[in-house]
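Take a look at the letters that make up each chain.
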Amino acid sequence: MNETPPRIHPLSDVQSTQIGPGTTIWQFCVVLAGARIGRDCNINAQCLIENDVELGDRVTVKSGVQLWDGLSVEDDVFIGPNVAFTNDKYPRSKQYPQAFQRTRIGRGASIGANATILGGVQIGAGAMIGAGSVVTRDVPAGELWLGNPARPRGPAPRA
């Protein structure tokens, strides 16, 4: 079986060797050595992916997103432009926690542009987070959450 190797734009700094076939990483991205990226992913321009980050297969990360240590993203997830993730409940300059918060995004979930996802949150499979929402607690599978703070608004629309 002939698999397409990952396509990495020459203006990106990609240190990881754990990138699946068919994945594209566009210009001005930084991917640290410990990051694990699945097959057929699309990492748009100006993204940062730290060491302790795992992306499943067919994940889309739009421009301007930083994926910090402690993040696990399952297959078929969409992360919109400028989504903000956090991983430290009480951040201080040059003071690091013993462990960063663990955040998980379930299979097929979608996160709208400019949403903020606080550290330690679990977003269930197929859930949808509206643009600009601030997610402060776990989101069950298949639900649509909107607002600041984000609250349930019914079932997530189907594709």
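Our structure is the block above this text.
Conventions we followed
Residues numbered from 1 in each chain as written. Predicted model: local features only at pLDDT ≥ 70, side-chain atom pairs only at ≥ 80, totals over all residues. Heavy atoms only, no water. Pairing = 2+ DSSP bridges. Helix = DSSP H or I, 4+ residues; strand = E, 2+ residues; numbered from the N terminus. Buried < 20%, exposed > 50% of the residue type's maximum accessible area, 1.4 Å probe, protein only.

(A) Spotlight on the sheet that holds strand E6 (residues 36-37). Pairing is parallel in the open sheet, where 6 strands are placed in the order E3-E6-E9-E12-E15-E18. Taken across any chain shown, the strands that pair with only one partner, and hence form the sheet edges, are strand E3 (18-19) and strand E18 (122-123). Of the strand pairs in this sheet, strand E15 (residues 103-105) and E18 are connected by 2 bridges, and their pairing is parallel. Bridge pairing in E18 places Ile 105 opposite Ile 123.

(B) Representation of unusual backbone geometry. Note the cis peptide between Asn 148 and Pro 149, where omega equals -5°. With respect to the helices, strands and loops of the structure, Pro 149 is situated in the loop between strand E21 (143-147) and strand E22 (150-155). Notably, Gln 46 is not glycine yet its phi reads approximately 60°, a positive angle. One can find Gln 46 in the loop between strand E7 (42-43) and strand E8 (48-49). Notably, Asp 76 is not glycine yet its phi reads approximately 65°, a positive angle. Look at Asp 76 and you get partly exposed, because its relative accessible area is 28%.

(C) Structural view of the sheet that holds strand E4 (residues 24-25). Ordered in space as E1-E4-E7-E10-E13-E16-E19-E21-E22, the 9 strands form an open sheet in which the pairing is mixed. Each edge of the open sheet carries a strand with a single partner, namely strand E1 (7-8) and E22. Summarising the sheet, strand E13 (residues 78-79) and strand E16 (residues 110-111) pair through 2 bridges and their orientation is parallel. When the bridges of E16 are listed, Phe 78 appears paired with Ser 110.

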